[in-house]
Structure formats: C-alpha cells, structure tokens
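As a plain string of letters, each chain reads:
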Amino acid sequence: MTFLPIVARELRIASRRPATYWIRTGAAGLILLLGAWFFLMMQREAPRELAMVLFSVTTGAAVLYCLLSGVRATSDCLSQEKREGTLGLLFLTDLKGYDVVLGKLVANSVNVFYAVLAVLPMLAIPLMMGGVTVGQYWRMALVAMNTLFFSLSVGIAVSSLSRDARRAAGWTFLVLILVTGLLPACAAWLAYAQKWPRLAEWLYLPSPGYSYVLAFDAFRFKPGEFWWSLGIIHGLAWLGLVVASLVVPRAWQDRPVNGTSR
C-alpha cells in the first residue's frame, strides 16, 4: 500500500489544477502592489526607514493571513464529511486516521501553502534597501510558515470534533484568538501586577504574535525565547493533528445531524 495515499492523490490533482498557479501569481502580485503603494506614500523617507516599514507591513499581512487560514481552509473539511455521511466510506479501506487527516489537510491547504510560498521571496525586497537584515528575513519566514501550520492544524482538530460548519469556524477562530491574543494579555497583566512572573513568561510563548515580535530586533535580547516560542507553537500544531487522527476513526459512527435513527 502506498504511504499516505490520499496525500499523494491530492498533490497530483493540485498539480493539474489551473487555480494552483493563478493563486501563487495573485498572492505575489498583491504583495507587490501593497509594497508599491507604501513606497509611493513614503518615497521622501530615508531608505532604511522605508525598508523597515515595508517589511513590517508586508510580513504583518502575511502572518495575519497565515493565522486566519485555518478558519477558511480546514475548519469544515472533516465536519462536512460527517454531515454528508461519507466519512465512514473512507474507513472501509485500509486507511488509518492519520491518512484521512493528512489527506484532508493537504487537500484543503495546498493552495494556501503555495500562496504563502510565493509571497516569501517578495518579502526579501526590503533587504536590498539596507533596512532589514538577513536574519530578520529568515526568522520572519519561519514564523509565517509555522503560524500557517499551527492555524491549519487547529482548524482540522476542531473540524474532527464538530459537525456544523459555522460552529467549527467559530471555535477555530476563538481558539486562535485565545492563543494569539488572550494568553499574551493575561501574561502582560501578570507582569504588570508582579504576580507569578515565571508563569507570565511562559504564557507569552504559545502566541504566534509573540514569535512575530521577537523575529525583529528583540531577537538580540531574547533569542532563547524566540526558539522556544517557535518550538511550542510547532508542537501544538502536531498535537492538533494527533487529536484529529484519534477522533476521526470514531467520528463517522456519530448519528445524523437530525438525530433520527434507522
């Protein structure tokens, strides 16, 4: 049996899909238009300042897109199969839970991944203006890809536990906001109140927003925290995939949405 057959099939289908190529072109073009607009608005500024503003805006938009990708791309991929009653058909073969989960992950996120991959070279334009270092660029690229993986994994984990599309999207958005915004807010309050300083430091680490901030000049002062934050977020993403892989083989046995039994 082929290893990860659904993943291999979805990649072959995506390679023949015209939208796959147009999405990459459109994403890169959008970033170029955004950068050109800021360049024209700030052309009287010093090149180094202009480069940092361009880099901050374009990377911020890219990371935000990555963070919200799970809501749109994967939050309904498994719940839709449950509503349609087709999830159980996948397990009539030799497929395992991780085959289905990884297959659905690739099928619903390949275009998102290609769009982010096409944007990354565009983010290197400020490097040529002298205001951004090579280290900042590569750290930001890692943050963007790690945030994308985390968001997609949260979406598919929530989808494995839900049946309703709106509820799955809402819970995915809520989890992402909780981890990205609420945990750092609690950490900031604890630091301000001077209570449990060690706990406050740890509450910052799971936030993609915190790793984004540390990717800039703050990396010089807290390099260890940057890598810890990146590693914890990556570990949480894999935890979401494990949860989905364990839940999916049992989820198809749920009753229909209307609650009637046959």
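Residues numbered from 1 in each chain as written. Predicted model: local features only at pLDDT ≥ 70, side-chain atom pairs only at ≥ 80, totals over all residues. Heavy atoms only, no water.

Some thoughts on helix H4 (residues 77–84)
- Among all positions in H4, only Cys77, Leu78, Ser79, Glu81 and Lys82 are buried.
- The first or second residue beyond H4 is Gly85, which carries a positive phi of 75°. (Buried < 20%, exposed > 50% of the residue type's maximum accessible area, 1.4 Å probe, protein only. Helix = DSSP H or I, 4+ residues; strand = E, 2+ residues; numbered from the N terminus.)

Comments concerning a nonpolar patch on the surface
- Together, Leu64, Leu68, Phe173 and Ile177 make up an exposed nonpolar region whose accessible area comes to about 350 Å².
- Every element with two or more residues in the nonpolar patch is listed here: helix H3 (47–73) and helix H8 (165–193).
- With respect to the secondary-structure elements, Leu68 resides in helix H3. (Patch = residues over 30% accessible without salt bridge, like charges linked within 9 Å, V, L, I, M, F, W, Y side chains within 5 Å. Areas by Shrake-Rupley, 256 points an atom, 1.4 Å probe, with all protein chains shown as cover. Salt bridge = Lys/Arg side-chain N within 4 Å of Asp/Glu carboxyl O.)

A few points about the environment of Leu174
- Relative to the helices and strands, Leu174 resides in helix H8.
- Overall, the relative accessible area of 46% leaves Leu174 in the partly exposed class.
- Here the alpha-carbon distance between Leu174 and Val71, two residues 103 residues apart in the chain, equals 9.7 Å.

Remarks on the packing of aromatic side chains
- Following the criterion strictly, the structure yields ten aromatic pairs and no others.
- With a centroid separation of 5.9 Å and 45° between ring planes, the pair formed by Phe113 and Tyr114 is classed as tilted.
- The class of Phe113 is partly exposed, set by a relative accessible area of 33%.
- Ring geometry for Tyr212 against Phe216: centres 5.2 Å apart, planes inclined by 85°, an arrangement best described as edge-to-face.
- Taking the relative accessible area as the measure of exposure, Phe216 reaches 14% and is therefore buried.
- Through a chain of ring-to-ring contacts, three or more aromatic side chains come together here, namely Phe55, Tyr212 and Phe216. (Phe/Tyr/Trp six-rings, centres within 6.5 Å; stacked < 30°, edge-to-face > 60°.)

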